[in-house]
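Letter by letter, the chains look like this.
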Amino acid sequence: MATALALNLSIMRVAVAFSGKHHRRSVVGRGIMQRFVSSNNQKSYIESSSTVETVHVQEEDKDLNWETFEFSDNPKKDKRFSMGGKQSQHDNLDATAEASEDRIAAARLDEMNAAFRELEPALVEEATEVIKQYINPARMERVNGVLSQRTKRSRFLFENPANPSNVFACLRTIDSFGFQYVDIIVDSSKYDKPMALIQKRGMRSAMGSAHWITLTNHLSTEDAVKQLKGQGYRIFASDLNPSSKDVRELDWDGPICVVMGNEDRGISQEMRELADETFTLPMCGFAESFNLSVATAITCAHMSASSREKDKGPIQPGDLDEHEVNCLRLKWYMNSLPQRKMGGALLRKAGIKLPKVFDRL
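The shown structure was predicted, so the numbers you read here are calculated from the model rather than taken from an experiment.

(A) Structural detail: the overall build of the chain. What the chain contains, in helices and strands, is 12 helices and 11 strands. Looking at the chain as a whole, 50% of its 361 residues qualify as buried. Taking the intrachain contacts of the chain between residues at least 6 apart in sequence as the baseline, contacts between residues at least 24 apart amount to 80%.

(B) Molecular detail of the state of the cysteines. The full count for this structure, using the stated rule, is zero disulfides. Cys-300 forms no disulfide, and the closest cysteine sulfur to it belongs to Cys-170, at a distance of 8.5 Å. With relative accessibility at 0%, the residue Cys-300 sits in the buried group.

(C) Structural detail: the pairing of strand E10 (residues 256–260). Of all five residues making up E10, five are buried, and the element is well covered by its neighbours. As paired strands, strand E8 (residues 234–238) and E10 are joined by four bridges and run parallel to one another. When the sheet's bridge partners are listed, Phe-236 is paired in E10 with Val-258.

(D) Focus on the sheet that holds strand E11 (residues 277–280). The sheet built from seven strands is open, its strands ordered E7-E6-E5-E10-E8-E11-E9 with parallel pairing. Every interior strand has two partners, whereas the edge strands, strand E7 (214–218) and strand E9 (245–246), have only one. Pairing between E8 and E11: three bridges, direction parallel. What sits directly across from Ala-237, in E11, is Thr-278.

(E) Fine view of helix H10 (residues 292–305). Given a rise of 1.5 Å per residue, 14 residues ought to cover 20 Å, and the 20 Å separating the end C-alpha atoms of H10 matches this to within 8%. Within H10 the residues assigned to the buried category are Leu-292, Ser-293, Ala-295, Thr-296, Thr-299, Cys-300, His-302 and Met-303. Where H10 is buried, its residues meet strand E5 (154–159), helix H6 (164–176), E10 and E11.

(F) A look at a negative patch on the surface. A contiguous patch of negative charge on the surface is contributed by Glu-222, Asp-223, Glu-270 and Glu-273. Note on placement: Glu-270 falls in helix H9 (residues 269–274).

(G) View of the pairing of E7. Among the five residues in E7, five count as buried, and that is most of the element. Covered by surrounding structure in E7 are Thr-214, Thr-216 and His-218 together with Leu-215 and Asn-217, the residues of both alternating faces. Sheet analysis places strand E6 (residues 181–185) next to E7, joined by five bridges and oriented parallel. Among the inter-strand pairings, Ile-184 is bridged to a residue of E7, identified as Asn-217.

(H) View of the packing of helix H4 (residues 121–131) against helix H12 (residues 342–349). With their axes 10 Å apart at the nearest point, H4 and H12 run at an angle of 105° to one another. The angle between the axes of H4 and H12 places the two elements in the roughly perpendicular class. On the side of H4, the interface is formed by Ala-127, Val-130 and Ile-131, while H12 contributes Gly-343, Leu-346 and Leu-347. For the contact of H4 with H12, a count of residues per class yields five nonpolar, one polar and no charged.

(I) Seen up close, the packing of helix H5 (residues 137–148) against helix H11 (residues 322–335). At a minimum axis separation of 10 Å, H5 and H11 run at an interaxial angle of 145°. Handedness of the H5/H11 crossing: right-handed. Facing Met-140, Val-143, Asn-144, Val-146 and Leu-147 of H5, the residues of H11 in contact are Val-325, Leu-328, Arg-329, Trp-332 and Tyr-333. Taken together, the residues of the contact of H5 with H11 break down into eight nonpolar, one polar and one charged.

(J) Looking closely at the packing of aromatic side chains. All told, the structure shown has five aromatic pairs when counted by the stated rule. Ring geometry for Trp-212 against Trp-332: centres 6.1 Å apart, planes inclined by 75°, an arrangement best described as edge-to-face. Within this pair, whereas Trp-212 is found in the loop between helix H7 (194–208) and E7, its partner Trp-332 is found in helix H11, the two being separated by 120 residues in sequence. Take Trp-212 and Trp-332: they sit in the same class, and that class is buried. With a centroid separation of 6.0 Å and 70° between ring planes, the pair formed by Trp-252 and Phe-279 is classed as edge-to-face. Placement of Trp-252 in the loop between E9 and E10 and of Phe-279 in strand E11 is noted, with a sequence separation of 27 residues between them. Relative accessible area serves as the criterion here: at 4%, Trp-252 is assigned to the buried category.

(K) Representation of the pattern of salt bridges in the model. Going through the model one piece at a time under the given rule, you end up with 10 salt bridges. Between Glu-324 and Lys-152 there is a salt bridge, with its nearest N and O atoms 2.9 Å apart. Of the two residues, Glu-324 sits in helix H11 while Lys-152 sits in the loop between H5 and E5, which places them 172 residues apart along the sequence. Note that Arg-155 and Asp-183 form a salt bridge whose closest N and O atoms lie 2.7 Å from each other. A residue pair is termed long-range when its members are at least 10 positions apart, and Arg-155 in strand E5 and Asp-183 in strand E6 qualify at 28 residues.

Cut-off values and rules
- Residues numbered from 1 in each chain as written.
- Predicted model: local features only at pLDDT ≥ 70, side-chain atom pairs only at ≥ 80, totals over all residues.
- Heavy atoms only, no water.
- Helix = DSSP H or I, 4+ residues; strand = E, 2+ residues; numbered from the N terminus.
- Buried < 20%, exposed > 50% of the residue type's maximum accessible area, 1.4 Å probe, protein only.
- Contact = heavy atoms within 4.5 Å.
- Disulfide = S-S within 2.5 Å.
- Pairing = 2+ DSSP bridges.
- Expected span 1.5 Å × (residues − 1).
- Patch = residues over 30% accessible without salt bridge, like charges linked within 9 Å, V, L, I, M, F, W, Y side chains within 5 Å.
- Areas by Shrake-Rupley, 256 points an atom, 1.4 Å probe, with all protein chains shown as cover.
- Salt bridge = Lys/Arg side-chain N within 4 Å of Asp/Glu carboxyl O.
- Lys, Arg positive; Asp, Glu negative; His and termini not counted.
- Charge placed at Lys NZ, Arg CZ, Asp CG, Glu CD.
- Axes fitted to C-alpha atoms, helices over the stretch in contact; angles between N-to-C directions.
- Parallel < 35°, antiparallel > 145°, perpendicular 65-115°, else oblique.
- Nonpolar A, V, L, I, M, F, W, Y, C, P; charged D, E, K, R; others polar.
- Left-handed = near helix turned anticlockwise from the far one by under 90°.
- Phe/Tyr/Trp six-rings, centres within 6.5 Å; stacked < 30°, edge-to-face > 60°.

No statement about biological role is implied by the geometric values presented.
Given below as C-alpha cells:
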C-alpha cells in the first residue's frame, strides 16, 4: 500500500508547480492528468484546465518545445542543444570517445524503433487503453488527426549536418508536412575539429528531442543509401552541380528519399554518385543557396504541390499500415504525459509490462 501511495503522490506532483520556472504548454500536456485512481479504491483528482496545465520542466525542455521552438540568434553555439546548457567552444572532446557515443546513439534509436514494430497488436491495444485514461479528449483528437495525415511514401535524409539548430528546425517543418520517417547520417570521421565535435554532440540532443517523428541514425553514406534503396526508395539529392535538374523537372511519383547535405559542403561526392537524381531549387537573387531549413521547407512545399492527385506524388496522407498507426498512437500518448517515464509507471501499476526500452518514454 505504501508503494502504491508513493507512486500516486509522485504522479500527482508532476501536475503542480513546486519550484523553479514554469512552462505554459501550447499543445503537449493540455489538461492531460484528469485523474489518478489510488489504492483503497479512492480517486485522487489533479486540478487541470481544459486548455492549459502548469507543469515544472527543465529549462532546456522549455526551450526545445516542439510547438514553439524559435531559431537561435547564434545557431552554431546554441546552448539548448548542449549537455545541461553548458556548451563551451573550449570543451576538450575526444574524437574517438565521441565516435563511440555516435554508435551508441544510433543503436538506441534502432532499438526503440524495433521495439515498437515488434510489439504484439493485442499488447499495444491493452497499453493504449490504460494510457488514454490520462489524456484529455482534445489531445486524443489532435493525435488521431495528425496520425491520419502521416505518410511513409517519402522521407528525408540529412547527410552529416553541422548545425543542430538547423536540423531541429528542419525536423519541425518535415513534421508539419506529414512525413513520419527521417534519416540522419552522422559519419564520425567528418567531424574532426573541436567546434564540429561540439555541434555533433548537439545533433544527438536535437534528435533525442524529436518525439513525433521516427528517426534512423546511419553511420555512413553507403549504409544509408543501401538500406533506403533496399526499401524501394529513389534517392533525390539537393546539389548545386551543373548537371542537377530543376526541382520542377523531376518525376516525383513513387517512394522517394530527399537528401539534404551539409550546410557548408553540400552533399558528399559519394552521395552524388549514389543518388538517382540531383536537383536544385531555382533562385534569381545574389545569394548562392538557401539556408538548410529554408531549402527543406521549399522542397516540402513542392512535394506537397506535386501530390494533389489521389494516389500520385511523393506525399500520400494516411498510407501507414494499421500496426504502425497503433504503435505511434501509443508512443504519442506516452510522450503527451507531463513527465518522462510516467507512462511506464502507469502501465506497471496496471500489470502491463513492456520491454525495458520503453522506460525511456
